[in-house]
Amino acid sequence: MRTASPARGAAPRLEPPGMRAGIVFGALILLFAGLGGRALYLQWIDNEFLQGQGQARHSRDIEMPAHRGRILDRHGEALAISTPVKSLWAFPDRLEMTPVQLTELARVLETSRVALERRIAAADDFVYIAKQVPPEVAERALALRIKGLHDETTYGRYYPAGEIAAPVVGFTGTKDAGQEGIELAQQAWLGGHVGSRRVIINRRGEVVEDVASIRAPQAGRDLALSLDSRIQHLAFRELKAAIDAHRAKAGGLVVLDVATGEILALANYPTFNPNRRDGKVAPERMRNRALTDVFEPGSTMKPFTAAAALEAGAVRPDTMIATGPGSLTISGRTIRDAHPVGTLTFEQVIQKSSNVGTVKVALGLPAERMWRTLSDAGFGAVPRTGFPGEVSGRLRPAQSWRPIEQATISYGHGISANLVQLARAYTIFATDGELKPVTLFKATGAVAGRPVIKPETARAVRRMLELAAQPGGTAPKAQVGGYRVAGKTGTAHKLEGRNYANKYVAAFVGFAPVSNPRLIVAVMIDEPSAGQYYGGAVAAPVFSSVTGAALRLLGVPSDAPSTNAILPADAVEIGEET
Amino acid sequence: MTRVNLVLLVVLVACALSLVTSRHQARKLTTELSRAEAQARAFDVEFGRLTLEQSTWATPARVDKLAREQRLQSPAAARVVVVEMPEAPR
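Since the structure is predicted, the reported quantities are computational estimates derived from the model, not experimental observations.

Draft legend 1. Local environment of the overall build of chain A. Along the backbone of chain A there are 22 helices and 19 strands. Here the C-alpha radius of gyration of chain A, 39 Å, is well above what a compact globule of 578 residues would show, namely 25 Å. Taking the principal axes of its C-alpha atoms as reference, chain A extends roughly 175 × 55 × 50 Å. Taking the contacts inside chain A whose residues are at least 6 apart along the sequence as the reference set, 72% of them involve residues at least 24 apart.

Draft legend 2. Geometry of unusual backbone geometry. Residue and element names in this part refer to chain A. A cis amide bond, omega 0 degrees, links Y269 with the succeeding residue P270. Mapped onto the secondary structure, P270 falls in the loop between β10 (263–269) and α11 (283–286). The peptide bond linking A512 to P513 adopts the cis configuration, its omega dihedral lying at -15 degrees. Along the chain, the position of P513 falls in the loop between β18 (499–512) and β19 (519–526). Positive phi, normally seen in glycine, also occurs at R145, with a value near 55 degrees.

Draft legend 3. Region of the structure containing the interface of chain A and chain B. Counting from both sides, the interface comprises 28 residues of chain A and, opposite them, 20 residues of chain B. Taken together, the elements giving at least two residues each to the side of chain A that touches chain B come down to β3 (78–90), β7 (207–215), α10 (229–245) and α22 (540–553) of chain A. If one sorts the elements of the side of chain A that touches chain B by residue count, β3 of chain A sits on top with 5 residues. Of the residues that constitute the side of chain A that touches chain B, the class distribution is 10 nonpolar, 11 polar and 7 charged.

Draft legend 4. Looking closely at the nonpolar core. Residue and element names in this part refer to chain A. Ranked by size, the top nonpolar core spans 129 residues in total, and within it V254, V255, V523 and A539 carry the most contacts. Counting residues per element, this core draws most heavily on β18, at 8 residues. Residue contributions to this core reach at least three from each of two domains, namely domain 1 (60–77 + 163–225) and domain 3 (229–274 + 282–553). In this structure, V255 is in contact with I231, A235, L264, A265, L519, V521, V546 and A550, ignoring residues within four places of it in sequence. Counting 11 residues, the second largest nonpolar core, distinct from the first, contains V85, A90, I129 and I146.

Draft legend 5. Geometry of the confidence of the model for chain B. Counting all residues, the mean pLDDT for chain B is 87, and 96% of those residues have values of 70 or more. Predicted as a complex, the structure gets a pTM of 0.82 and an ipTM equal to 0.75.

Draft legend 6. The arrangement of the environment of R424 of chain A in detail. All names here are of chain A. Among the secondary structure elements, R424 is positioned in helix α18 (residues 419–425). Residue R424 is classed as buried on the basis of its 27 C-beta neighbours within 10 Å. With 161 residues separating them in the primary sequence, R424 and I263 have C-alpha atoms 9.6 Å apart. Leaving out residues up to four positions away in the same chain, R424 has contacts with L256, G378, P383, K436 and V438.

Draft legend 7. Quick peek at the environment of G393 of chain A. Residue and element names in this part refer to chain A. Summarising the element assignment, G393 is placed in the loop between α16 (367–376) and α17 (403–410). Given 22 C-beta atoms within 10 Å, G393 falls into the buried group. Between the C-alpha atom of G393 and that of V382, which follows or precedes it by 11 residues, the distance is 7.5 Å. Among all residues touching G393, those that are not within four sequence positions of it are V294, F379, G380, S416, A417, N418 and Q421.

Draft legend 8. Representation of the sheet that holds β18 of chain A in the model. Residue and element names in this part refer to chain A. Spatially, β10-β9-β19-β18-β17 is the arrangement adopted by the 5 strands of the open sheet, whose pairing is antiparallel. Of all strands in the sheet, those with a lone pairing partner are β10 and β17 (486–496), marking the two edges. The average undirected angle you get between the axes of adjacent strands in this sheet is 10 degrees. Sitting on the sheet, α22 touches β9 (250–257), β17, β18 and β19, and the angle it makes with β19 is about 150 degrees.

Draft legend 9. The pairing of β10 of chain A, seen in detail. All names here are of chain A. Summarising burial for β10: 7 of the 7 residues are buried, a large majority. The pairing of β9 with β10 spans 6 bridges and is antiparallel. Across the sheet, the residue bridging to G252 is N268, located in β10.

Draft legend 10. Structural context of the packing of helix α15 (residues 355–363) of chain A against α17 of chain A. Residues and elements named next belong to chain A. At a minimum axis distance of 8 Å, the contact between α15 and α17 shows a crossing angle of 130 degrees. Between α15 and α17, the crossing angle belongs to the class labelled oblique. Considering how the two elements wind past one another, α15 and α17 form a crossing that is right-handed. Facing α15, whose interface residues are T358, V359, A362 and L363, α17 presents P403, Q406, A407 and S410. When the residues that make up the contact of α15 with α17 are grouped by side-chain class, the tally is 5 nonpolar, 3 polar and no charged.

Draft legend 11. Region of the structure containing the domain arrangement of chain A. Residues and elements named next belong to chain A. Looking at the assigned domains, one finds that chain A contains domain 1 (60–77 + 163–225), domain 2 (85–159) and domain 3 (229–274 + 282–553). Each of domain 1 and domain 3 was reduced to a C-alpha centroid, and the two centroids are 42 Å apart. Each partner contributes residues to the interface: domain 1 has 17 residues there, and domain 3 has 19 residues. Elements represented by at least two residues in the side of domain 1 that touches domain 3 include exactly α7 (166–169) and α8 (181–185). Per-element accounting of the side of domain 1 that touches domain 3 gives the leading share, 4 residues, to α8. Grouping the amino acids of the side of domain 1 that touches domain 3 by side-chain chemistry returns 11 nonpolar, 1 polar and 5 charged.

Draft legend 12. Fine view of the sheet that holds β7 of chain A. All names here are of chain A. One open sheet holds the 3 strands; their spatial order is β1-β6-β7, and the pairing between them is antiparallel. Each having just a single partner strand, β1 (59–64) and β7 make up the two edges of the open sheet. Strand after strand, the sheet turns through a mean of 30 degrees between neighbouring axes, direction not considered. In this sheet, β7 lies alongside strand β6 (residues 195–201) in antiparallel orientation, the contact comprising 6 bridges. Each bridged residue has a counterpart across the sheet, and for V199 the counterpart in β7 is D210.

Draft legend 13. A look at the pairing of strand β13 (residues 333–336) of chain A. Residue and element names in this part refer to chain A. The sheet contact formed by strand β12 (residues 327–330) and β13 spans 4 bridges and is antiparallel. What sits directly across from L328, in β13, is I335. As consecutive antiparallel partners, β12 and β13 are separated by 2 residues, and within that stretch S331 has a phi angle of approximately 35 degrees, a positive value.

Draft legend 14. Layout of the packing of helix α13 (residues 302–312) of chain A against α16 of chain A. Residue and element names in this part refer to chain A. Across the interface, α13 lies against α16 with an axial gap of 9 Å and an inter-helix angle of 125 degrees. Comparing their axes, α16 and α13 come out oblique. When the axes of α13 and α16 are compared, the crossing they make is right-handed. The segment α13 lies against α16, with F304, T305, A307, A308, E311 and A312 engaging R369, M370, T373 and L374. Tallied by class, residues from the contact of α13 with α16 come to 6 nonpolar, 2 polar and 2 charged.

Each value, and the rule that gives it
Residues numbered from 1 in each chain as written. Chains lettered and ligands numbered in written order. Predicted model: local features only at pLDDT ≥ 70, side-chain atom pairs only at ≥ 80, totals over all residues. Helix = DSSP H or I, 4+ residues; strand = E, 2+ residues; numbered from the N terminus. Rg over C-alpha atoms; globule rule 2.2 N^0.38 Å. Contact = placed C-beta atoms within 7 Å. Nonpolar A, V, L, I, M, F, W, Y, C, P; charged D, E, K, R; others polar. Core = buried A, V, L, I, M, F, W, Y, C linked by C-beta atoms within 7 Å. Buried ≥ 20, exposed ≤ 12 C-beta atoms within 10 Å, placed from the backbone. Domains from an automatic or database assignment. pLDDT = per-residue confidence, 0-100. Pairing = 2+ DSSP bridges. Axes fitted to C-alpha atoms, helices over the stretch in contact; angles between N-to-C directions. Parallel < 35°, antiparallel > 145°, perpendicular 65-115°, else oblique. Left-handed = near helix turned anticlockwise from the far one by under 90°.

Have a look at this one:
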C-alpha cells in the first residue's frame, strides 16, 4: 500500500491563506499607532519635559551685567569707580592640589603658603581662596589647573582719592549697595540693575538668535559732586598737619564757594581708607564730623551778635563800649575776657573778641531779635547738603532764654552747630546779607540766597572781620599774601557732661578776597593739646595756607599787594577764651 | 493647469530656499552682533579700568609726594601775577 505522503497526511490548515499576513500586518499597524499616539502625546500633551530638555541644549538665559555709576568730582576726576574683579572659590573637600601648586598659588596671590593653608583648613564647606582680585591675577591662578578651584566675576568698588574724600563719598558694602556717605544717600541714582535675556546658542557656544529680552539691564548713573579734588587734597593735607602738630583729637575743614553754595572741600581727620576695610575700622573714624557732629562755636558766633545789634540800631561800629576790668557778673556768673582791654569801639570789641563787650551789647537787645538773626542765619536747622545723617545743632527758642543764657549765646556757648552750618552762616557776611543754600552736588551756576540782613550791616561786619584778621586782632596768622582776608576766631571750652572742662575747640571761619569774596573756609580743631589752643594760633594758620593755595588754584585775581601778609613769626594774636 | 502648478512649485521652492538663507543670514548676523556687544562690554570694562588707573596715578596726593621728592615748590605769592581776561569768553 502506498503510504500517503506526510504532507498530505498532516491536517490541512484551517486558517485562510491571508490570515498570517493579516496578523503581522495588524500587529504592525498597532505598533505604528502606538508610536504615532506616543508621538502625538509627547508633541501636544506631555511636551514640557522634552521641550525643556531641548531648550537646555540650545537656549540660555544670559545675565547682562550693569555696573554701578561713578562718583566724580567737579572736574570729572573719579572719586569712586566700579571695575570687574574676580573671586576664587572652592569646596575644600574637592580641592586637589600638589604642594608645588599650593606654593605657586600662594605666589600668584601674593600671600604666604601657610596663610593660604590655614584659610582653606578653617572653612567647612565653602571658601573664598581670594576675594576681589584683578582679573589677570585670577587668570594666572586658574592657569595652574588646580582641580576644584573656580572663579566668579563681581564688581569691585575703588576709591582713588582714598582716605582724603572717604568721609564724604562713603563706601559700598556687600552686593554693591551703598553703606555710608554719598554712596548710601544716592543709592537709587548710582545703583545698576542686572538685566537678562534668552538666546539660542550653537554648538560652539555662540549666540545665534535673540529669543526674548527678559529684563533690560540698567547701568547706574554717574554723579558729579561739588568737591574739587585739588582743594580737597590741600584741605586734608593742611588739616592733618595742624592736627599732628598740635596733638589734637580730631578736626574738620570746609571750603565753600560763595556764589554757588557748593562745598569745594570737606576734610575730616582722623579718617579711614575705604579701599581696605577688611580690618576693623572704629566707627568714629568713619563719621563725617563736619556734618554729623555739633560743637559750641564760641567766639565765631560774635559776628552774628554784632549783626543783630547793628540791625536793631542798638549800636554803631564806632559806639564806645567800656569793657572795664575785663569781667562782668550776671545772675551770679562771671564772664571774663582773656585779657582786660579797657574801653573799645564796638568794631574793636569784635576785632579783639571781647566777651564782656559782646555781652554788654547783646543784653541791650530783645531776645527775640537776637534769636531771629541767628535762626535766619541757619542755626538750629539742618543745612540740607544732601548728606545722610547731618544734624541741626541746637538753638533754643527765645522765650526760654534767661539773661545769662542770652549772654553766653552771644559769644557762642549754649548754642551748637556743625561746621558746615557755621561756614554757611558766614555767607551772609561774604555776600551783602544773603544766606546761600549749600550743596555737595555740582551746581550749574550761581544761586540766589535769601536776604537775611541789610547790605550795610553785612558790610560793617565784614569790616570788623577784616580787622580781626589783622595785627591788633585775634587772628593775624590768618593773613594770606596777595589777598585781603576777613574772619573770626573761636576758642571754646568743651562741655563735658554738664560742666566746661579745660579742653578747647579752636576754630576759625573766614572768607577771601574781601573786595569780592569767593571762598569761605571754616576750620575746626578739637582738643589741641601741645600747649597752644587759641583759635588764632591753631586754626588761623590752617585757614591761611588753604585759602591762599585755593585762591591761586582757582586763579582768583589778587586784591592786595603780595607783601601784605606779615610773617607768621612776627604775628602776635590777641588771646581769647571762647 | 499643470503649467500653473509647475510655476507654483518653482515659486514655492524658491521661497523655501530664500527662507533658509535669510534665516541663516539672521543667525550669522546675530552671532556677529553678540560678539560686537561682548566686545563693547569688554571695552567698557577696559575703559573703567584705565580711568581708575589714570585717576590713581594722578591723585593730588601722589602728585604732591612726587613734587616734594623732586624739591619742587609752588611759587611765592610775590612771584605770582594774576592777569584778568578783558572779556571772559562764554
